[in-house]
Amino acid sequence: MKRAERLHALTEMLRRNGSRGCSADRLAKEFSVSVRTVKRDLETLERSGAAIWSRPGPGGGYGLAIGASLPPVSLSAAQAVALMAAVSAAPDAPYSDLAASGVQKILDVLDPLTRARADQLADRVWVAETRSASRTIRSALEEAMAEQRVVRLRYTSRSEITTTRDVEPVLFASTNGQWYLVGWCRMRNEMRWFAVSRIERASVTKTACEGHSIDEVGTPPVNARPVHGRGV
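Cut-offs and rules
- Residues numbered from 1 in each chain as written.
- Predicted model: local features only at pLDDT ≥ 70, side-chain atom pairs only at ≥ 80, totals over all residues.
- Heavy atoms only, no water.
- Axes fitted to C-alpha atoms, helices over the stretch in contact; angles between N-to-C directions.
- Helix = DSSP H or I, 4+ residues; strand = E, 2+ residues; numbered from the N terminus.
- Parallel < 35°, antiparallel > 145°, perpendicular 65-115°, else oblique.
- Left-handed = near helix turned anticlockwise from the far one by under 90°.
- Contact = heavy atoms within 4.5 Å.
- Nonpolar A, V, L, I, M, F, W, Y, C, P; charged D, E, K, R; others polar.
- Expected span 1.5 Å × (residues − 1).
- Buried < 20%, exposed > 50% of the residue type's maximum accessible area, 1.4 Å probe, protein only.
- Arc of directions from axis to C-beta.
- pLDDT = per-residue confidence, 0-100.
- Salt bridge = Lys/Arg side-chain N within 4 Å of Asp/Glu carboxyl O.
- Lys, Arg positive; Asp, Glu negative; His and termini not counted.
- Polar contact = N/O pair within 3.5 Å; in protein donor to acceptor, adjacent residues only side chain to side chain.
- Pairing = 2+ DSSP bridges.

Peer 1: I tried to follow the packing of helix α4 (residues 77-88) against helix α6 (residues 112-122) on my own but got confused; where do I start?
Peer 2: Running from N to C, α4 and α6 cross one another at 50°; their axes reach a closest spacing of 8 Å. Put simply, α4 runs oblique to α6. Both α4 and α6 take part in a crossing whose hand is right-handed. Across the interface between the two elements, Ala 77, Ala 78, Ala 80, Val 81 and Met 84 from α4 touch Thr 114, Arg 117, Ala 118, Leu 121 and Ala 122 from α6. Residue classes in the contact of α4 with α6 are distributed as eight nonpolar, one polar and one charged.

Below you can see the structure in the form of structure tokens.
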């Protein structure tokens, strides 16, 4: 059994046993591996985000929290490198840090041979280092978007006029090599596009957005579309 298959089977066994859990010895016998290997596999699953609990002492063992699941991962080396390249090439994209973390979780549960091939192939893919907005600013924008709360911006326009304004985030947009926060500007009382690179400061307020919709933004640029449509 390949490691990726064993990790999936291990997850399923823990789920089936529910709150009873399984001892490391039992898991080792089930998959014909050593206890040390089982514990290493469990650590890998935990790093990948699986909600595994452990209970020490006699009658103890390991289990999977109710509702938790790690789907099987079966990628080719080229597919794994494609994910790495996509994330590396867009460090200024919204939620890029989370994307990088997600890719790492996938890499951690690949079988060793595929992982080794992916690492070798990755050395043959270079991406340009790009300047991006500060992590503090991007984190504030991402939080405001996800939580739908008003974000306060210190913004300098193309005409070099700096203002502080409250914005209700509606969407992130990338067009012509530039990322924008598109939102309802409470100062101008209309929808505006804010170049992320021109935002000097951003802080999330406690004020909830009033529900401005994507439809109010208008028609997307011809070279832009929602990310869930990529590759379809």
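Peer 1: What am I meant to see in helix α3 (residues 35-47) here?
Peer 2: An α-helical turn contains 3.6 residues, so a residue and the one three or four places further along point in the same direction. With 13 residues, α3 should cover 18 Å at 1.5 Å per step; its first-to-last C-alpha distance of 19 Å lies within 8% of that length. Restricting attention to buried positions, one finds in α3 the residues Thr 37, Val 38, Asp 41, Leu 42, Thr 44 and Leu 45. The arc that holds every buried residue of α3, seen down its axis, measures 160°, which confines them to one face. Those residues of α3 hidden inside the fold are in contact with α1 (3-16), α2 (24-31), β1 (52-55), β2 (61-64) and α5 (96-108).

Peer 1: What should I look at first to understand the confidence of the model for the protein chain in this one?
Peer 2: Note: predicted coordinates in regions of low pLDDT should not be interpreted at a detailed level. Mean pLDDT over the protein chain works out to 85, with 91% of the residues at or above the 70 mark. Taken element by element, the protein chain is modelled with least confidence in α1, mean pLDDT 80, and with most confidence in strand β3 (residues 149-156), mean pLDDT 97.

Peer 1: What is the right way to look at the pattern of salt bridges in this model?
Peer 2: Any two side chains of opposite charge can pair, so long as their charged atoms come close to each other. Taken as a whole and assessed by the stated rule, the structure comprises 10 salt bridges. The partner of Asp 119 in a salt bridge is Arg 115, with the nearest N and O atoms 3.3 Å apart. Remark: Arg 115 and Asp 119 occur in helix α6; sequence separation between them is four residues, near one turn of the helix. With a relative accessible area of 23%, Arg 115 lands in the partly exposed category. We note a salt bridge from Arg 192 to Glu 190, for which the minimum N-O separation is 2.7 Å. The exposure class of Arg 192 is partly exposed, given its relative accessible area of 30%.

Peer 1: What is the right way to look at the side chain of Arg 138 in this model?
Peer 2: Checked against the element boundaries, Arg 138 lands in helix α7 (residues 135-147). Although Arg 138 lies buried, it forms no salt bridge, and the closest oppositely charged side chain, Glu 142, sits 4.5 Å away as judged by the N-O distance. A polar side-chain atom of Arg 138 sits 3.0 Å from a polar atom in the side chain of Ser 96.

Peer 1: Teacher, can you tell me more about the pairing of strand β6 (residues 190-195) here?
Peer 2: On a regular strand, each side chain points to the face opposite its neighbour's, so the side chains alternate between the two faces of the sheet. Two elements, strand β5 (residues 178-185) and β6, share six bridges in a ladder whose sense is antiparallel. Counted as the bridge partner of Leu 181 is Phe 194 from β6. Hairpin connection from β5 to β6: four residues lie between these consecutive antiparallel strands, with Asn 189 at a positive phi of about 60°.

Peer 1: Help me out: how do you make sense of α4 in this one?
Peer 2: Here α4 is 12 residues long and its end C-alpha atoms lie 16 Å apart, about the 16 Å a rise of 1.5 Å per residue gives. Turning to α4, its buried residues are Ala 77, Ala 80, Val 81 and Met 84. All buried residues of α4 project into a common sector of 95° when viewed along the axis, lining one side. Lining the buried residues of α4 we find α5 and α6.

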